[in-house]
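In case you want the letters, here they are:
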Amino acid sequence: TLFRSPLFAMSRKDLRPAYTCGTYHKRGLKGCTSHHIRIDTLDSLLKIYVKRVMKNSEKMIAELERAIKEEPQMMKASASTIAKLEVELAKARESYKVTQKQKIRELMKADEANREIIEETYEEMEAELLQKIDGIEHQLEMTVEHRNTRIEVNRIAKTALDIFQDFALYLLLFQLKQSESPA
């Protein structure tokens, strides 16, 4: 690329408005040859580049707009899933408590010969319930995290779209102003 460092404005009466290479501006011929670009050429190239970016971004913009539009439905679905998981988690915890109480009651009634069998049986049941509780908690955590990530991504997408649309509007207004100006 020609210009790897910042450009500096050239203002000489014998030249049309232009920018010069920053390295040349700082170091002279030791840093770079005297590369410069006229403002009208830079403006024209920039407009072509922006139009190309806008054209190539249409599909991405449509996808971002779709994701933002679908956010309310996603939020409802996430809320519903979270509510169901919270109910399921409460039931699993209650079941674990009931199992523990039942184990204590049976151990108190049991004779020495049956205590070990009862203990083993309930330990397996408790382990299964604890595993179920952990699984539900993990599902709940993942669902909340997914929802929050989607919200954050949609906020960033909305900001990016707003900036892009503002820039496109600015470019359009600038072109209209240029076409109305006398040559």
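Residues numbered from 1 in each chain as written. Predicted model: local features only at pLDDT ≥ 70, side-chain atom pairs only at ≥ 80, totals over all residues. Heavy atoms only, no water.

**As for the packing of helix α3 (residues 58–69) against helix α4 (residues 71–109)**
And then number 1: Where α3 contacts α4, the two axes come as close as 5 Å, and the packing angle between them is 45°. Relative to α4, the element α3 is oriented oblique. Where α3 approaches α4, its residues A67, I68 and K69 are matched on the opposing element by E71, P72 and Q73.
And then number 2: Its residues assigned to classes, the contact of α3 with α4 comprises three nonpolar, one polar and two charged. (Axes fitted to C-alpha atoms, helices over the stretch in contact; angles between N-to-C directions. Helix = DSSP H or I, 4+ residues; strand = E, 2+ residues; numbered from the N terminus. Parallel < 35°, antiparallel > 145°, perpendicular 65-115°, else oblique. Contact = heavy atoms within 4.5 Å. Nonpolar A, V, L, I, M, F, W, Y, C, P; charged D, E, K, R; others polar.)

**Here's the deal with the confidence of the model for the protein chain**
And then number 1: Taken as a whole, the protein chain shows an average pLDDT of 85; of its residues, 93% reach a score of 70 or greater.
And then number 2: The weakest mean pLDDT in the protein chain belongs to strand β1 (residues 7–10) at 70; the strongest belongs to α4 at 95. (pLDDT = per-residue confidence, 0-100.)

**Describing the pattern of salt bridges**
Charged atoms that come close allow side chains of opposite charge to pair.
And then number 1: Inspection of every chain in the model, using the stated rule, returns eight salt bridges.
And then number 2: Here E63 ties to R66 by a salt bridge, and the two come within 2.2 Å at their closest N and O atoms. Here the residue E63 and the residue R66 both occupy positions in helix α3, the gap between them amounting to three residues, near one helical turn.
And then number 3: According to the relative accessible area criterion, E63 is partly exposed, its value standing at 43%.
And then number 4: Note on R66: relative accessible area 37%, which makes it partly exposed. (Salt bridge = Lys/Arg side-chain N within 4 Å of Asp/Glu carboxyl O. Buried < 20%, exposed > 50% of the residue type's maximum accessible area, 1.4 Å probe, protein only.)

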